[in-house]
Amino acid sequence: MFYSSLTKKQRKTRLWQFDPSVFQPGPRARFLERHIIGRARSLGKYTLYALAFSYPVALVSLGIIFGGLVFWSAFAGSVGLMWLIIRKAGYARNFANWGVGNRRFLGLFGAFGIVLGFFYGLISVREWVFPIFGGVLIIALILGVRLSSEK
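Residues numbered from 1 in each chain as written. Predicted model: local features only at pLDDT ≥ 70, side-chain atom pairs only at ≥ 80, totals over all residues. Heavy atoms only, no water.

Draft legend 1. Quick look at the overall build of the protein. When you go through the protein residue by residue, the secondary structure sums to 4 helices and 0 strands. From first element to last, N terminus to C terminus, the protein shows the α and β order α-α-α-α. Taken against the 2.2 N^0.38 rule, which gives 15 Å for 151 residues, the C-alpha radius of gyration of the protein at 28 Å runs more than 25% over that of a compact globule. Counting the 151 residues in the protein, one finds 3% classified as buried. (Helix = DSSP H or I, 4+ residues; strand = E, 2+ residues; numbered from the N terminus. Rg over C-alpha atoms; globule rule 2.2 N^0.38 Å. Buried < 20%, exposed > 50% of the residue type's maximum accessible area, 1.4 Å probe, protein only.)

In structure tokens, the structure reads:
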């Protein structure tokens, strides 16, 4: 008696009932599946890992060697390519309701200003920039802990 032919009353899951079609062997793998596809997937996986780890280094190297115009155009092109791949693969619906909001968007400008100040400090203030930023971070940590503990 197959599991699919059971009536609703008998369809309650019991440990001694099983579907015997699960234990039947599937079709035999062809030559291409046995010898080429498995190796190609393995090579593709390691290539994807190598690209993912070398992407930031290559992007920054392009910017250092050829300048900001090449860096920003390569960055915009890679973001556009990722957007196209996500959209054509059908994963765009997963990001449909991700509203960034005005507060977070303005936070990006604040973060950009902080990073800009850090690098300007590295250039002009040099050895004092690390103690200054360390002190600012410690003050922010103390204030953050104090404000979160009051709630």
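Here the narrative resumes, following the displayed structure.
Draft legend 2. Spotlight on the environment of Y120. Along the chain, Y120 falls in helix α3 (residues 102–124). Residue Y120 is classed as exposed on the basis of its relative accessible area, which comes to 59%. Sequence separation between Y120 and V136 is 16 residues, and the spatial gap between their C-alpha atoms is 16 Å.

Draft legend 3. Inspection of the pattern of salt bridges at higher detail. Tallied over the full model, the rule gives 1 salt bridge. Note that E33 is salt-bridged to R30, the shortest N-O span being 3.3 Å. On the basis of relative accessible area, E33 is assigned to the partly exposed category, the value being 37%. For R30, a relative accessible area of 58% puts it in the exposed group. (Salt bridge = Lys/Arg side-chain N within 4 Å of Asp/Glu carboxyl O.)

Draft legend 4. Structural view of the packing of aromatic side chains. Enumeration according to the criterion identifies 4 aromatic pairs in this entry. Joined through ring pairs, the aromatic side chains of F71, W72 and F75 make up one cluster. Above the ring of Y46, the side-chain terminus of K45 is found at 5.2 Å from the ring centroid. (Phe/Tyr/Trp six-rings, centres within 6.5 Å; stacked < 30°, edge-to-face > 60°. Lys NZ or Arg CZ within 6 Å of the ring centre and 35° of its normal.)

Draft legend 5. Here's a closer look at the packing of α3 against helix α4 (residues 129–150). Two elements in contact, α3 and α4, have axes separated by 9 Å at closest approach and are oriented at 150°. The angle between the axes of α3 and α4 places the two elements in the roughly antiparallel class. Residues I114, G117, F118, G121 and L122 of α3 form the contact with α4, whose participating residues are V129, F130 and F133. A class-by-class count of the residues in the contact of α3 with α4 yields 6 nonpolar, 2 polar and no charged. (Axes fitted to C-alpha atoms, helices over the stretch in contact; angles between N-to-C directions. Parallel < 35°, antiparallel > 145°, perpendicular 65-115°, else oblique. Contact = heavy atoms within 4.5 Å. Nonpolar A, V, L, I, M, F, W, Y, C, P; charged D, E, K, R; others polar.)

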